[in-house]
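Secondary and tertiary structure notes
Here is what each chain is made of, one letter per residue.
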Amino acid sequence: MQYKKLAEVYEALSSTTKRLEKTDILSKFLIAMSASDRDVLYLLLGRIYPEYDEKKIGISEQLAIKAISMATGTEKEKVVKEWKALGDLGLVSERLTKGKKQSTLHSHIITTEKVLENLRKLPALEGKGTVNKKIALIVELLTSASPIEAKYLVRTLIGDLRIGLKEATLRDAMALAFFNTGKKEAVMSLQKAIDKSNDIASVF
């Protein structure tokens, strides 16, 4: 799946505080999603693995600033200044990506598979040269990202998606998307499956 599709869903979710509206946005997205894209559910919740997996992305804001600076060709001091003004590194990344020279914007299309592949490498990196390897994985994604993609990539990295989504809302969206039975029964059976597996993507 193109990462841009997911970024647009994040954007739609962040534009409303109403849980029913969020459920509706998600259910339409889930209906159009194929089973092979089930790991996207982790990304929707700002994660890269199931709940039971302890591995976290673990990128500090300082590391994110370095990566944004390299990916957009912006001085680190300017990135920090923008961050102080906007209070959100995701917005900083979006703004600076918009300001990138046009020539660098005709890059690859990022897929959710590529995003997960790179992000899942981050917790495993250890030892000498780790920081540079982590930055390289992030920069690879950010240099290909459109402004909206850059915003949510950075927010995912630092664990602050800002879309107001909880697992319960995602569960309700699954019930709405895939069950013809009464909503209450569907939600209950989904919750049982989620509790048993501790892995919402496997339930999808």
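Look a little higher up for the structure.
Residues numbered from 1 in each chain as written. Predicted model: local features only at pLDDT ≥ 70, side-chain atom pairs only at ≥ 80, totals over all residues. Heavy atoms only, no water.

1. Topic: the overall build of the protein
- Regarding its fold elements, the protein presents 12 helices and zero strands.
- Start at the N end of the protein and walk to the C end: the helices and strands fall as α-α-α-α-α-α-α-α-α-α-α-α.
- On C-alpha atoms alone, the protein measures out to a radius of gyration of 18 Å, which is about the 17 Å that the 2.2 N^0.38 rule sets for 204 residues.
- In terms of overall dimensions, the protein has a C-alpha envelope of 55 × 35 × 30 Å along the principal axes.
- The 204 residues of the protein split such that 46% are buried.
- Considering only contacts in the protein between residues 6 or more positions apart, those separated by 24 or more positions represent 72%. (Helix = DSSP H or I, 4+ residues; strand = E, 2+ residues; numbered from the N terminus. Rg over C-alpha atoms; globule rule 2.2 N^0.38 Å. Buried < 20%, exposed > 50% of the residue type's maximum accessible area, 1.4 Å probe, protein only. Contact = heavy atoms within 4.5 Å.)

2. A few points about a nonpolar patch on the surface
- Together, Ile31, Phe178 and Phe179 make up an exposed nonpolar region whose accessible area comes to about 290 Å².
- Structurally, Phe179 is set in the loop between helix 10 (167-178) and helix 11 (183-197). (Patch = residues over 30% accessible without salt bridge, like charges linked within 9 Å, V, L, I, M, F, W, Y side chains within 5 Å. Areas by Shrake-Rupley, 256 points an atom, 1.4 Å probe, with all protein chains shown as cover. Salt bridge = Lys/Arg side-chain N within 4 Å of Asp/Glu carboxyl O.)

3. Considering the layout of surface pockets
- Considered as a void within the structure, the largest pocket measures approximately 150 Å³ in volume.
- Taken together, 14 residues form the lining of the largest pocket, with Gly46, Arg47, Ile48, Lys56 and Ile57 sitting closest to its centre.
- When grouped by side-chain class, the residues that make up the lining of the largest pocket number six nonpolar, four polar and four charged. (1 Å grid on protein atoms, 1.4 Å probe; cavity = no way out; pocket = protein on both sides within 12 Å on 5 of 7 lines; lining within 4 Å. Points joined across faces, edges and corners; volume = space filled by probe spheres on them. Nonpolar A, V, L, I, M, F, W, Y, C, P; charged D, E, K, R; others polar.)

4. A closer look at the packing of helix 4 (residues 61-72) against helix 8 (residues 130-144)
- At their nearest, the axes of helix 4 and helix 8 sit 9 Å apart, and the two run at 50° to each other. If you check the angle between helix 4 and helix 8, you find them oblique. Relative to helix 8, the crossing made by helix 4 is right-handed. Contact with helix 4, carried on its side by Leu63, Lys66, Ala67, Ile68, Met70 and Ala71, involves Val131, Lys134, Ile135, Ile138, Val139, Leu142 and Thr143 of helix 8 and no other residues of that element.
- Along the lines of polarity and charge, the residues of the contact of helix 4 with helix 8 split into 10 nonpolar, one polar and two charged. (Axes fitted to C-alpha atoms, helices over the stretch in contact; angles between N-to-C directions. Parallel < 35°, antiparallel > 145°, perpendicular 65-115°, else oblique. Left-handed = near helix turned anticlockwise from the far one by under 90°.)

5. So, the nonpolar core
- One finds Tyr10, Leu44, Leu119 and Leu142 to be the most contacted residues of the largest nonpolar core, which totals 63 residues.
- Among residues more than four places away in sequence, those in contact with Leu119 are Leu43, Ile48, Ile57, Leu141, Thr156 and Leu157. (Core = buried A, V, L, I, M, F, W, Y, C linked by side-chain atoms within 4.5 Å.)

6. What to know about the packing of aromatic side chains
- Counted under the stated rule, the structure contains two aromatic pairs.
- For the pair Tyr10 and Tyr152, a centre-to-centre distance of 4.9 Å together with 35° between the ring planes defines the contact as tilted. With Tyr10 in helix 1 (residues 3-14) and Tyr152 in helix 9 (residues 147-157), this pair connects stretches of sequence that are 142 residues apart.
- The class of Tyr10 is buried, set by a relative accessible area of 0%.
- We classify Tyr152 as buried; its relative accessible area is 0%.
- Ring geometry for Phe178 against Phe204: centres 5.6 Å apart, planes inclined by 70°, an arrangement best described as edge-to-face. Here Phe178, found in helix 10, pairs with Phe204, found in the segment after helix 12 (200-203); they are 26 residues apart in sequence, far enough to count as distant.
- Phe178 gets classed as partly exposed once you look at its relative accessible area, which sits at 42%.
- Lying over the aromatic face of Tyr49, Lys55 brings its terminal NZ or CZ to 4.9 Å of the ring centre. (Phe/Tyr/Trp six-rings, centres within 6.5 Å; stacked < 30°, edge-to-face > 60°. Lys NZ or Arg CZ within 6 Å of the ring centre and 35° of its normal.)

7. Notes on unusual backbone geometry
- Positive phi is not limited to glycine here, since Arg162 has a value of about 60°.
- Its place among the elements puts Arg162 in the loop between helix 9 and helix 10.
- Note on Arg162: relative accessible area 43%, which makes it partly exposed.
- In this structure, Asn198 is a non-glycine residue whose phi angle is positive, near 55°.
- Looking at the element boundaries, Asn198 is found in the loop between helix 11 and helix 12.

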